[in-house]
Amino acid sequence: MILDGIKKYKRDFSLSLFFSLIYDNSYYGFFIMSIFEKYSNNIEVSSEMFDYARMMIGNINVIEDHDQIRIEGIPGRDYSNDIFKIWRSSKIAGNLFTRIKSSSLAFHKFFAPEIIYTLQTALQQRKTEVNKRVLTKTIDELYLKTWLANTQKEFPNILDYSKLDDLMLHLLPHQMEFLNTYNSAIPKYNLNGYLLAAPPGAGKTINGLALMHCLRMDTVIIVSPNNAIYKVWKKTIETESVFKEPKKCWVSQDKKPFDSNISHYVFHYEAIDEALALLDHHDCGEVGIILDECHNFNEVTSKRTEAFINLCKKSRSNNIVWASGTPIKAIGNEAIPLLRTIDPFFTERAEESFKAIFGKSAQKGLDILQHRMGLITFKVSKDVVRQQEKPIVIPVKVKLDRNVSERFTLDYIKQEMVDFVLERMIYYKQNMKHYEDEYNRCLNIHQSTLTTKEEENNFKTYNNYIKIISKDYDPVQHKAEALYCNKYEDEKIIPTLSNQDKHIFRDCKSVVKYVYLKVQGEALGRILGKRRAECNTELVKHAGLENIISDAAKKTVIFSSWVETIKEAEEYLINLGFKPTMVYGGTNKEVSSIVTKFEQNPDINPIIATFQSLSTAVPLTVANTVIMLNQPFRDHEWDQAVSRCDRLGQDTQVYVYEILLDTGTLPNISTRSKDILEWSKAQIELIMPELSKKTIEENVDDGYYKVKFKDDNNTLLNFAENGLKTFSNFSSKVLNNSILNKYFK
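Residues numbered from 1 in each chain as written. Predicted model: local features only at pLDDT ≥ 70, side-chain atom pairs only at ≥ 80, totals over all residues. Heavy atoms only, no water.

1. Some details on the overall build of the protein chain
In terms of helices and strands, the protein chain carries 30 helices and 19 strands. By the burial criterion, 54% of the 745 residues in the protein chain qualify as buried. Counted over contacts in the protein chain with a minimum sequence separation of 6, partners at least 24 positions apart contribute 73%. Summing over all exposed atoms, the protein chain offers an accessible surface of approximately 35400 Å²; the carbon and sulfur share of this is 47%. (Helix = DSSP H or I, 4+ residues; strand = E, 2+ residues; numbered from the N terminus. Buried < 20%, exposed > 50% of the residue type's maximum accessible area, 1.4 Å probe, protein only. Contact = heavy atoms within 4.5 Å. Areas by Shrake-Rupley, 256 points an atom, 1.4 Å probe, with all protein chains shown as cover.)

2. What about the nonpolar core?
With 110 residues, the main nonpolar core has Tyr79, Leu142, Ile221, Phe308, Leu311, Trp322 and Phe354 as its most contacted residues. Those residues within four positions of Phe354 in sequence are excluded, and the remaining contacts are Phe110, Phe111, Gly332, Ala335, Ile336, Leu339, Phe346, Gly359 and Leu369. Formed by 62 residues, the second largest nonpolar core is a distinct cluster that contains Leu400, Phe420, Met425 and Ala543. (Core = buried A, V, L, I, M, F, W, Y, C linked by side-chain atoms within 4.5 Å.)

3. Here we look at the packing of aromatic side chains
The relative placement of two aromatic rings is captured by the distance of their centres and the angle of their planes. Here the structure, examined in full by the defined rule, presents 30 aromatic pairs. Seen from their ring centres, Phe97 and Phe107 are 6.3 Å apart, and the 70° between their planes marks the pair as edge-to-face. Here the residue Phe97 occupies a position in the loop between helix H6 (90-96) and strand E3 (99-101), and Phe107 occupies one in strand E4 (residues 104-108), the gap between them amounting to 10 residues. Residue Phe97 is classed as buried on the basis of its relative accessible area of 5%. (Phe/Tyr/Trp six-rings, centres within 6.5 Å; stacked < 30°, edge-to-face > 60°.)

4. Concerning the sheet that holds strand E6 (residues 219-224)
Read from one edge of the open sheet, 7 strands run E7-E8-E6-E9-E10-E5-E11, paired in parallel fashion. Pairing within the sheet leaves two strands with one partner each, and these edge strands are strand E7 (249-251) and strand E11 (377-379). Each adjacent strand pair in this sheet contributes to an overall mean axis angle of 20°, direction not counted. Packed on one face of the sheet, helix H9 (residues 173-188) meets strand E5 (193-197), strand E10 (319-324) and E11 and runs near 155° to E5. (Pairing = 2+ DSSP bridges. Axes fitted to C-alpha atoms, helices over the stretch in contact; angles between N-to-C directions.)

5. A short note on the packing of helix H20 (residues 453-472) against helix H21 (residues 479-493)
Two numbers describe how H20 lies on H21: the axes approach to 9 Å, and their chain directions differ by 135°. For the element pair H20 / H21, the angle class is oblique. In the packing of H20 onto H21, the handedness of the crossing is left-handed. Touching Glu455, Asn458, Phe459, Thr461, Tyr462, Tyr465, Ile466 and Ile469 of H20 are Glu481, Ala482, Tyr484, Cys485, Tyr488, Glu489 and Ile493, all from H21. Looking at the contact of H20 with H21 residue by residue, the classes come out as 10 nonpolar, 2 polar and 3 charged. (Parallel < 35°, antiparallel > 145°, perpendicular 65-115°, else oblique. Left-handed = near helix turned anticlockwise from the far one by under 90°. Nonpolar A, V, L, I, M, F, W, Y, C, P; charged D, E, K, R; others polar.)

6. Concerning the sheet that holds E4
As summarised here, the arrangement of the 4 strands in space is E1-E2-E4-E3, forming an open sheet in which the pairing is antiparallel. Among the strands making up the open sheet, the edge pair consists of strand E1 (61-64) and E3. Along the sheet, successive strands turn relative to each other by an average axial angle of 10°, direction set aside. Sheet topology places strand E2 (residues 68-72) next to E4; 5 bridges connect them, and they run antiparallel. Bridge pairing in E4 links Ile69 to Phe107. Where helix H5 (residues 76-87) meets the sheet, its contacts fall on E3 and E4, and the angle it forms with E3 comes to roughly 115°.

7. Brief notes about the packing of helix H10 (residues 204-214) against helix H11 (residues 229-239)
At their nearest, the axes of H10 and H11 sit 10 Å apart, and the two run at 50° to each other. In this view, H10 runs oblique relative to H11, as classed from their interaxial angle. As H10 runs across H11, the sense of the crossing is right-handed. Across the interface between the two elements, Thr205, Ile206 and Leu209 of H10 pack against Val232, Trp233, Thr236 and Ile237 of H11.

8. Let's talk about the side chain of Ser317
Of note, Ser317 is situated in the loop between helix H13 (303-315) and E10. Using a relative accessible area of 5% as the deciding quantity, one classes Ser317 as buried. From its side chain, Ser317 meets the backbone oxygen of Val287 in a polar contact 2.7 Å long. Setting aside its immediate chain neighbours within four residues, Ser317 contacts Asn192, Val287, Gly288, Ile289 and Cys312. (Polar contact = N/O pair within 3.5 Å; in protein donor to acceptor, adjacent residues only side chain to side chain.)

9. Describing H21
Taking 1.5 Å of rise per residue, the 15 residues of H21 would be expected to cover 21 Å, and the 20 Å separating its terminal C-alpha atoms lies within 8% of that figure. Those residues of H21 not exposed but buried are Glu481, Ala482, Cys485, Tyr488, Glu489 and Ile493. In a view along the axis of H21, the buried residues occupy a sector of 130°, so they form one face of it. At its buried positions, H21 is contacted by helix H19 (410-447), H20 and helix H22 (499-540). (Expected span 1.5 Å × (residues − 1). Arc of directions from axis to C-beta.)

10. Topic: the pattern of salt bridges
Enumeration over the complete set of coordinates arrives at 31 salt bridges. For Lys518, the salt bridge is made with Asp507, and the minimal N-O distance between the two is 3.2 Å. A residue is classified by how much of its surface remains accessible, and Lys518, at 16% relative accessible area, is buried. According to the relative accessible area criterion, Asp507 is partly exposed, its value standing at 31%. In this structure, Glu522 engages Arg526 in a salt bridge whose closest nitrogen and oxygen atoms are separated by 3.8 Å. Taken as a pair, Glu522 and Arg526 lie in helix H22 at a separation of 4 residues, close to a single helical turn. Taking relative accessible area as the criterion, Glu522 reaches 10% and is therefore assigned buried. (Salt bridge = Lys/Arg side-chain N within 4 Å of Asp/Glu carboxyl O.)

11. Describing the environment of Glu352
In this structure, Glu352 sits in helix H15 (residues 348-358). For Glu352, a relative accessible area of 54% translates into the label exposed.

12. A look at helix H24 (residues 563-575)
Relative to the 18 Å expected for 13 residues at 1.5 Å per residue, H24 spans 19 Å between its end C-alpha atoms, a close match to the ideal helical length. For H24, every residue scored as buried is listed here: Thr565, Ile566, Ala569, Tyr572 and Leu573. Projected down its long axis, H24 shows its buried positions confined to an angular sector of 120°, all on one face. Where H24 is buried, its residues contact H22, helix H23 (545-551), strand E13 (555-560), strand E14 (581-583) and strand E15 (607-610). Looking one or two places after H24, you find Gly577, whose phi comes out positive at around 100°.

13. A few points about the environment of His268
Secondary-structure assignment places His268 in strand E8 (residues 264-268). For the pair formed by His268 and Ala228, sequence separation is 40 residues and the distance between their alpha carbons is 8.9 Å.

14. Remarks on unusual backbone geometry
For the peptide bond that leads from Asn605 to Pro606, omega is 0°, which places it in the cis range. Among the structural elements, Pro606 can be located in the loop between helix H25 (591-600) and E15. The backbone of Asn190 sits at a positive phi, close to 55°, despite the residue not being glycine. Along the chain, the position of Asn190 falls in the loop between H9 and E5. One non-glycine residue with positive phi stands out, namely Lys255, at about 55°. Following the sequence through the fold, Lys255 ends up in the loop between E7 and E8.

Shown next as structure tokens:
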């Protein structure tokens, strides 16, 4: 009778009434389900109908294959709705799952922790479309029948803690906790490494070396910024009291042959190819990798990041440590290089879904991403390593003569940028044919070198993408096309050109592809960048630097973003009898010896540096005073700079002096530096007044520039070259009709 019932309802394509009869009695439900499955071979029943049957009786089944996990018996579309109601984003469920059916779900194995997180979050909601018993059962089944079962187990130690006896020092509590976390998390989550997010001065160097020693790695490859190679890594490995038995360290900068008797190799960022050569020519055994200041590898498309990912793959390392005080600055896409190297489940398809959910523009679901990062990150609080009180920040406001300070106010610079943008857009309009001709000439030279059908097809793809970009470029919609073109130009076109044509092509391609962005870059550099540098250079002579340095309990470190500013500070202080030393791009190769002299010679004070050259990796506890001649654009740069002094080993209160221009109530580029980047981009677009549609079309309607009016709460104008679209709020104060007519008549 039961079999006849199944056949009947199968023929009617409806099992809902049949199973609703036994839904409230789980005993009969599972009894019916077992019969259903027993006779399934005699009945043509689709897997979806099985799933529907499971759903009706609350029977959850989880199946895991080589790259996906499927949940049968869960109302998939209802659960997708629950996710939308919680996070108010359709792209989370739309990309988290590879399949959403009325009675099943499927997803990449990588996303198992995210699925657990969403299920647990849904259980905390007052009301859900999916029955909470089903949610609970699903969680239980995932932990029982997938790789997540390992997260509930205890594994044998992967670290040999007895190797800590080989060290001359005892690890601090947070350092020991990192070892314990690594020892537990790696086997539980099937990882090939971990992220050590510890503030500068927390002892990441010793922590990384101790970990690799306890893992009994045959070879340790360290990828380090140039300024930390000798002063931090080589010194720690060879000369400091770390290992009881002295170890030798090979350094890429020494330009010596590889030594098979050495276990520790240090490569700077641009020498990763040499690390690959080491793997080619030597039997390295088990390889451990440490990436120092890993935030410099957050851009997945950069060549250095690609090289590092290749190093991790080629070495087949199962122990890769990413270390930084500020590892992820904007989350989202910045986590992709890390995940590629430490998580085998992070496949290409999983990466596509990850980017779709947590890309740079993601505003929803960040708590889901933070949960993921928490599973692969060991975070050390600054308070754990700080031996003194928090740094005391003292703003130093400097007044200049009005005729000098006026040109550094935002209103003044705004008008400069308005004039500059209009001038440059007209220039490119008048000379566009010349740029197009030179660009096409270079393309013809490159095309003449193509010999295979594949090369011709790649070149055809490039040209097709260029047509799309030059006609209607959108940085989000056309990101993949732009990346393809940039890579093709760098790797294929430019190598086929002469040195002279290489310069010509680089200049012309940006004009042809997106002239508006080129003008934006020119305005940022020639107007905004120039004025910021001038402002801070002018402040040097009026900030009373000599008093700050003389009153400091220890030595002083001075930072600026501009070389001309630190050179001005050096000259100013030399004239006052000080003996400063400098670190910038021109002296980066000598940074180790410069810092050593600063530490050991009592007469050398202060050390003056650019943020880029000295704000990371180098400890400077010999100083307790930091002077910021300008505010860096990003908060993490400020933190890194202060941490040169505010770190383990500092025995004196740290003071930070921020030099700021005082223009009263008028905002200026010194006091508003944290807002300046976004502001400046907007100003480039604010080049039209709030005019009527008719007025605009009368002035700009020659078939080349296209300006359209769009109704909104604020006036929005689409100002673009050949359809390039950039939107911004416009103010009538920026430009009046007469100026507009002057430039576009």
